Amino acid sequence: MNRLTRVISRTSASAFGMLAAAALTASASAQDFAIHAGKIFTGAERGPSLIENGYVLVRDGKIVSVGTDASIPPGIPVLEMPDATLMPGIVSVSSNVTSAHRGDESIGAGYSAADAVDPFTDSRAFLEAGITTMHASPGWHRLISGRGAVLRARGEDGIEFLLDESDLTLNLSGNADNPPVLETLLIAPGADNEIEPGTPQRPGGRMGRNLAIKEAVASALDAPENIHEMQLAHHWRAGTTLRIQSDDAGDLVSAINFLETNGKRGYIVGGTEAAKVADRLAQANIPLAYALNPGFDGLDNLGDDPDAHVPSVADLAALTELDLAITVRPGTSLSQLRLAAATALRAGVSEERIVESLTRVPAELLGVDDRVGSLEPGKDADILVLSGSPASTNAHVRRVFVGGNSAFKAGAGAGDSVVIKGGTIWLAPGEEIENGSILIEDGRIAAVGRRVAQPPSARVVNANPGSFIVPGLIDSLNRLGLDGDPTDLRPELSMTKLIGAPDISDARLARAGVTTVVQAPYRFNSRGSRASAIKTFGAGRDDRVIDDTVALAFDMTRLDPRDIGRRLKQRVEAGEAYAKEWADWREKLEAWEAERAAGKTPAGSSEPETESTGGDEAAGPDPMTGTWQATISGGPLPNDLSGPVAINLDGEEFEGRMLAQPIASQPHRIVGTLESDGTVNGQIEIETPNGNFPQFNGTVANDLFEGELAFGPLTLDLSGERTSTDAVQFSVGKRERRTTGKDGEPLPPLVKHELEPIRAVLEGRSAVFVRADRAAAIEATVRTIAGELELPLVLLGAREAYEVADLIEKHNVGVVVQNALPRTLNRREITRNYVQPVDLSRRGIPVAFGTGAEDGGRALPMIGLHAVERGLGPDQTLWAMTAGAAKLFKIDDRVGSIEPGKDGDIVIFSGHPFETGSTVERVFVSGEEVRP
């Protein structure tokens, strides 16, 4: 195939490629939307170049309006990006989409860069750099290299042609000198066909370049002999823009003279020594695309060549009178174009002019300014969403819209990250960072300081000047999600199963700055109720539950103070044997793992070991063994249900069977425990829709049982009378459970849900949470739990704590001040006004605040405001509602402070949270913003 045929073939391929790209473009329908952003650099020549807090309205892929007017038509979605900066898509005067053609012709007007473009190329790399439009060049290596094209990136959808022929590329620099000898071998050489010497080509130097072009033009206009002359003649007559590549001062003057002499329209690319001829360029009114060599892709050794020239950003200071575009040298990655242009700040170039040099001006040079290059009505909606100022090293492309379509979004497939910048970051009383930054990655705080790393995919949040940034507030007693239900929940039941996606009540709390609550029931069960740590915002249960059990809560307000110590100690001791089983298992497991790591065969049989978990009969008589007549009543039951139940007691554990209808159609198994005070807890192993067994509890004495049966949300009365003390033989048989697994690995003990909260307390993972008001009750509680048992204790209410404050402080017991509003915080004690949190804090007792409400917990900041007015220090109050509360409930590894590794729960206030004029501006939970 000869050269002409190849050119025609490439031209056909190019036409097919452009049709394919057009089809791709047509298949993606543009969306109607508006963007609300903190800053908008318009790039426009007329009108404002920078708009603060503005809107861009897009319809059918075109920009309809740009400004501060928020009159968006009904039904148009608004993308809220208050921290983002918008600018037009970058227009690059150079690119590496195509490489230089391989032809030898010095006059190569027949070569078209469009022929080398693959319209199906994934162009996301350009969009990631913010480049939406680019020039495709035929090369920088020949006197007339060919025709360029203008392309637009569409991400995964490929590349679109804006202009398949945009200019004729001339090279008036040393690169064009001494082209190869041109050889034409139409017939293979042989005896009858001698090899003739090739035809030398011009130019040989600067003096011959203009002459060579002049002669080529004259020949082409007179009688074109090949495709190159045909194309040269066509574009010369058509007045096609001339793209002249030139660097040295002498070559630049030659380029200026060439354009003026021939009366041609064009622009210069390169301009290394443009500063030396800036006046001449300005006088000729010739635009310049200054090609920087920022050194990002490598270092050039210049040696001792005195004539070596390096483009310098400092030269831009002398080019202010020109229509200036900024580009990069051939071979430099376009990913650095915006950063390279930003260094023009060193030459005193304004940020607005830098934006213009990357957008509107290059669009004008390439002849596509009617469609792209500025954010103005009627232009294509090619929009960059940046995380910061365009000239900032910390600004990255977050999103790109091309023709109104979302073509690129940063962070796809990567973890989410957020950078919160500005304001005062509060770390602890007396510890603050002015104008600092917080990096949150994958929901956790990664760094805190004056300056932190800013990943390219990070969303940047700019706090307002004067903002005060604090950890999320903690409500230390809250009933979120209970809807006023006063049921006292037994210790085996957890309210966290009710937690799901946040509803409006949860969102109200979060928007008030309360990001974590200690959730507990309105009434505490006599055997204790679980208190859980819950976040007020998150995608679902797994995101919101911090800890299922942060405390085991008891109410001692109605008990005789002389009986409190015994009752609490009895409840704790009930779980000691269970906790020991787990401690022994961990010890055995560690020994087994150590032996295995040392390459030893762990001791034990290869056959799994078992243990007995029950027998055929139990010893009696005793308080429970025998036959009982059980009755279920109350609730929605129209009639009472009664029937016989057999129970066998073995130590503290019992097992039984339902023997006949109407209570059950099958002999379902009953298991549970009997405590020394007669308290009974158990469950009936019967299948239910939610997979949980019905639970019962009560007391047994003198052959009578009184208690309750909980069946899902339903609570019924359960009573019984023992009719026989004889042990009943029912088919149970000895039950054996494996205690070792493969290779003798110790298996964990059976989980006893009713004892799990006590085990958490005994292992130091949670606290005992006791409501007590009178001094005698408080003293008995502190001496038993914190003194004798040495367990973590938090008091709730503690109205008369001041009478035993020394004892409380001695054992480092914390107090949750409940519902500390003016009507309860200010009270009379004997003859004086008394403010509990102020008094206790001054005595060295840790204090936290609990509202006792549901979504009414949003009043927590107001409670803090009032406490400060009553004399508690602002930072002390903030500590009590954040880190102090987190420490009391042992969740300070997750929340309560702004430290690396903690959850990204952040609240931005307009000032210190407990200043009267301060309001919540923004809230983040695990790095995700809680939107209004």
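Since the model is a prediction, treat every value here as computed from it, not as a measurement.

1. As for the overall build of the chain
1) Next: Scanning the chain from N- to C-terminus turns up 21 helices and 47 strands.
2) Next: Considering the chain as a whole, with its 932 residues, one finds that 54% of them fall into the buried category.
3) Next: Carbon and sulfur atoms provide 49% of the accessible area of the chain, an area that totals close to 41200 Å².

2. Comments concerning the environment of Ser-494
1) Next: You can see Ser-494 is positioned in the loop between strand S24 (488–489) and helix H10 (504–511).
2) Next: Accessibility expressed as a relative area gives 12% for Ser-494, which makes it buried.
3) Next: Not counting the four nearest positions on each side in its chain, Ser-494 is found in contact with Arg-530, Ser-532 and Asp-548.
4) Next: Polar contacts involving the side chain of Ser-494 include one to the side chain of Thr-496, which spans 2.7 Å.
5) Next: Looking at Ser-494, its side chain comes within polar contact range of the side chain of Asp-548, at 2.5 Å.

3. Considering the packing of helix H3 (residues 206–222) against helix H4 (residues 227–238)
1) Next: Viewed as axis vectors pointing N to C, H3 and H4 meet at an angle of 95 degrees, and their least axial separation amounts to 8 Å. With respect to each other, H3 and H4 are oriented roughly perpendicular. Here H3 contributes Ala-216, Val-217, Ser-219, Ala-220 and Leu-221 to the contact with H4, which in turn contributes Glu-229, Leu-232, Ala-233, Trp-236 and Arg-237.

4. What about the sheet that holds strand S15 (residues 405–409)?
1) Next: Pairing is mixed in the open sheet, where seven strands are placed in the order S3-S2-S1-S4-S13-S14-S15. Single-partner strands in this sheet number two, and they are strand S3 (62–67) and S15. Strand after strand, the sheet turns through a mean of 35 degrees between neighbouring axes, direction not considered.
2) Next: In this sheet, strand S14 (residues 397–402) lies alongside strand S13 (residues 383–386) in antiparallel orientation, the contact comprising four bridges. Counted as the bridge partner of Leu-386 is Val-397 from S14.

5. Considering the packing of aromatic side chains
1) Next: One pass over the structure, following the stated rule, counts seven aromatic pairs.
2) Next: Considering the side-chain rings of Trp-236 and Phe-258, the 6.3 Å spacing of their centres and the 70 degrees angle between planes classify their relative orientation as edge-to-face. Taken together, the positions of Trp-236 in helix H4 and Phe-258 in helix H5 (residues 249–262) put the pair 22 residues apart, joining distant regions of the chain. Each member of the pair, Trp-236 as well as Phe-258, is classed as buried.

6. Brief notes about a negative patch on the surface
1) Next: Among the surface-exposed residues, Asp-416, Glu-441, Asp-442, Asp-542, Asp-543 and Glu-928 lie close enough to one another that they form a single negatively charged patch.
2) Next: Counting through the fold element by element, Asp-543 comes out in helix H11 (residues 541–544).

7. Quick word on the environment of Asp-251
1) Next: As for its placement among the helices and strands, Asp-251 is situated in helix H5.
2) Next: Judged by its relative accessible area of 2%, Asp-251 is buried.
3) Next: For the pair Asp-251 and Leu-172, spaced 79 residues apart in sequence, the C-alpha separation works out to 6.2 Å.

8. Considerations on H10
1) Next: Every buried residue belonging to H10 is among Asp-506, Leu-509 and Ala-510, and all of these are buried. Burial along H10 is one-sided: seen end-on, the buried residues are contained in an arc of 100 degrees.
2) Next: Elements that come into contact with the buried residues of H10 comprise strand S23 (473–478), strand S25 (514–519), H11 and strand S46 (920–925).
3) Next: Between the side-chain oxygen at the start of H10 and the backbone nitrogen of Ser-505 there is a gap of 3.0 Å, and the oxygen is on Asp-503.
4) Next: Once H10 ends, the next one or two residues include Gly-513, with phi positive near 95 degrees.

9. Description of the nonpolar core
1) Next: Ranked by size, the top nonpolar core spans 76 residues in total, and within it Leu-232, Leu-281, Leu-288, Leu-316 and Leu-319 carry the most contacts.
2) Next: Of the residues forming this core, the biggest block, six residues, is contributed by H5.
3) Next: Each residue touching Leu-316, except ones within four places of it in the same chain, is listed here: Tyr-290, Leu-324, Ile-326, Ala-344, Ala-347 and Val-349.
4) Next: Judged by nonpolar contacts, the second largest core, of 72 residues, contains Phe-554, Val-768, Ala-867 and Ala-880.

10. Notes on the pairing of strand S40 (residues 793–797)
1) Next: Burial runs high along S40: five of the five residues are buried.
2) Next: Taken together, the five bridges between strand S39 (residues 767–772) and S40 define a ladder with parallel strand orientation. Opposite Ala-772, over in S40, you have Gly-797 as the bridge partner.
3) Next: Read from S39 through helix H15 (residues 775–788) to S40, the crossover connection turns out right-handed.
4) Next: Relative to strand S41 (residues 814–818), S40 is paired through three bridges, and the arrangement is parallel. Within S41, the residue paired with Val-794 across the bridge is Gly-814.
5) Next: A crossover connection joins S40 to the parallel S41 through helix H16 (residues 805–810); in handedness this β-α-β unit is right-handed.

11. What to know about the pattern of salt bridges
Pairs can form between side chains of opposite charge whenever their charged atoms are close.
1) Next: One pass over the structure, following the stated rule, counts 58 salt bridges.
2) Next: Of the charged contacts in the structure, one is a salt bridge between Arg-202 and Glu-215, with a shortest N-O distance of 1.6 Å. Of this pair, Arg-202 sits in the loop between strand S8 (159–171) and H3 while Glu-215 is found in helix H3, placing the two residues 13 residues apart along the sequence.
3) Next: Residue classification places Arg-202 among the partly exposed residues on the basis of a relative accessible area of 38%.
4) Next: With a relative accessible area of 36%, Glu-215 lands in the partly exposed category.
5) Next: Residues participating in the shared-partner salt-bridge network are Lys-62, Arg-152, Arg-154, Glu-160, Arg-371, Asp-380 and Asp-382.

12. A short note on the packing of H3 against H5
1) Next: Running from amino to carboxyl end, H3 crosses H5 at an angle of 20 degrees, the nearest separation of the two axes being 11 Å. With respect to their mutual orientation, H3 and H5 come out roughly parallel. Between H3 and H5 lies a crossing of right-handed hand. Contact residues: Arg-206, Arg-209, Asn-210 and Ile-213 in H3; Gly-250, Asp-251, Ser-254 and Phe-258 in H5.
2) Next: Considered class by class, the residues forming the contact of H3 with H5 number two nonpolar, three polar and three charged.

13. Some words on H5
1) Next: The first and last C-alpha atoms of H5 sit 20 Å apart over 14 residues, in line with the 20 Å expected at 1.5 Å per residue.
2) Next: Listed as buried for H5 are Ala-249, Asp-251, Leu-252, Ser-254, Ala-255, Ile-256, Phe-258 and Leu-259.
3) Next: Residues of H5 that are buried in the fold lie against S8, H3, H4, strand S9 (242–246), strand S10 (266–270) and helix H6 (278–284).
4) Next: One or two positions beyond H5, positive phi appears at Gly-263, with a value near 60 degrees.

14. A few points about the sheet that holds strand S21 (residues 459–462)
The strands making up a sheet associate through hydrogen bonds between their backbones, and the pairing can be parallel or antiparallel.
1) Next: Strand order in the open sheet made by the four strands is S20-S19-S16-S21, with mixed pairing throughout. If you trace the sheet from one side to the other, it starts and ends with strand S20 (444–449) and S21, each paired once. Taken over all neighbouring pairs, the strand axes of this sheet differ in orientation by 20 degrees on average, direction set aside.
2) Next: The sheet contact formed by strand S19 (residues 437–441) and S20 spans five bridges and is antiparallel. Paired with Ser-437 across the strands is Gly-449, a residue of S20.

15. What to know about the side chain of Asp-177
1) Next: With respect to the element layout, Asp-177 can be found in the loop between S8 and H3.
2) Next: In terms of polar contacts, Asp-177 uses its side chain to reach the side chain of Arg-209, at 2.7 Å.
3) Next: What Asp-177 contacts, discounting residues up to four positions off in sequence, is Pro-203, Gly-204, Gly-205, Arg-206 and Arg-209.

16. Topic: the confidence of the model for the chain
In low-pLDDT segments, the atomic positions of the prediction should not be examined closely.
1) Next: Mean pLDDT over the chain stands at 86; residues scoring 70 or higher make up 86%.
2) Next: Here residues 1–28 is a poorly scored stretch, pLDDT under 50, and it has 27 contacts once near neighbours within four places are set aside; other chains count.
3) Next: Segment residues 614–620 is flagged for pLDDT under 50; beyond a separation of four residues in sequence, or across chains, it makes 20 contacts in the model.

Parameters and conventions
Residues numbered from 1 in each chain as written. Predicted model: local features only at pLDDT ≥ 70, side-chain atom pairs only at ≥ 80, totals over all residues. Heavy atoms only, no water. Helix = DSSP H or I, 4+ residues; strand = E, 2+ residues; numbered from the N terminus. Buried < 20%, exposed > 50% of the residue type's maximum accessible area, 1.4 Å probe, protein only. Areas by Shrake-Rupley, 256 points an atom, 1.4 Å probe, with all protein chains shown as cover. Contact = heavy atoms within 4.5 Å. Polar contact = N/O pair within 3.5 Å; in protein donor to acceptor, adjacent residues only side chain to side chain. Axes fitted to C-alpha atoms, helices over the stretch in contact; angles between N-to-C directions. Parallel < 35°, antiparallel > 145°, perpendicular 65-115°, else oblique. Pairing = 2+ DSSP bridges. Phe/Tyr/Trp six-rings, centres within 6.5 Å; stacked < 30°, edge-to-face > 60°. Patch = residues over 30% accessible without salt bridge, like charges linked within 9 Å, V, L, I, M, F, W, Y side chains within 5 Å. Salt bridge = Lys/Arg side-chain N within 4 Å of Asp/Glu carboxyl O. Lys, Arg positive; Asp, Glu negative; His and termini not counted. Charge placed at Lys NZ, Arg CZ, Asp CG, Glu CD. Arc of directions from axis to C-beta. Core = buried A, V, L, I, M, F, W, Y, C linked by side-chain atoms within 4.5 Å. Right-handed = clockwise from strand over helix to strand, strands pointing away. Left-handed = near helix turned anticlockwise from the far one by under 90°. Nonpolar A, V, L, I, M, F, W, Y, C, P; charged D, E, K, R; others polar. Expected span 1.5 Å × (residues − 1). pLDDT = per-residue confidence, 0-100.

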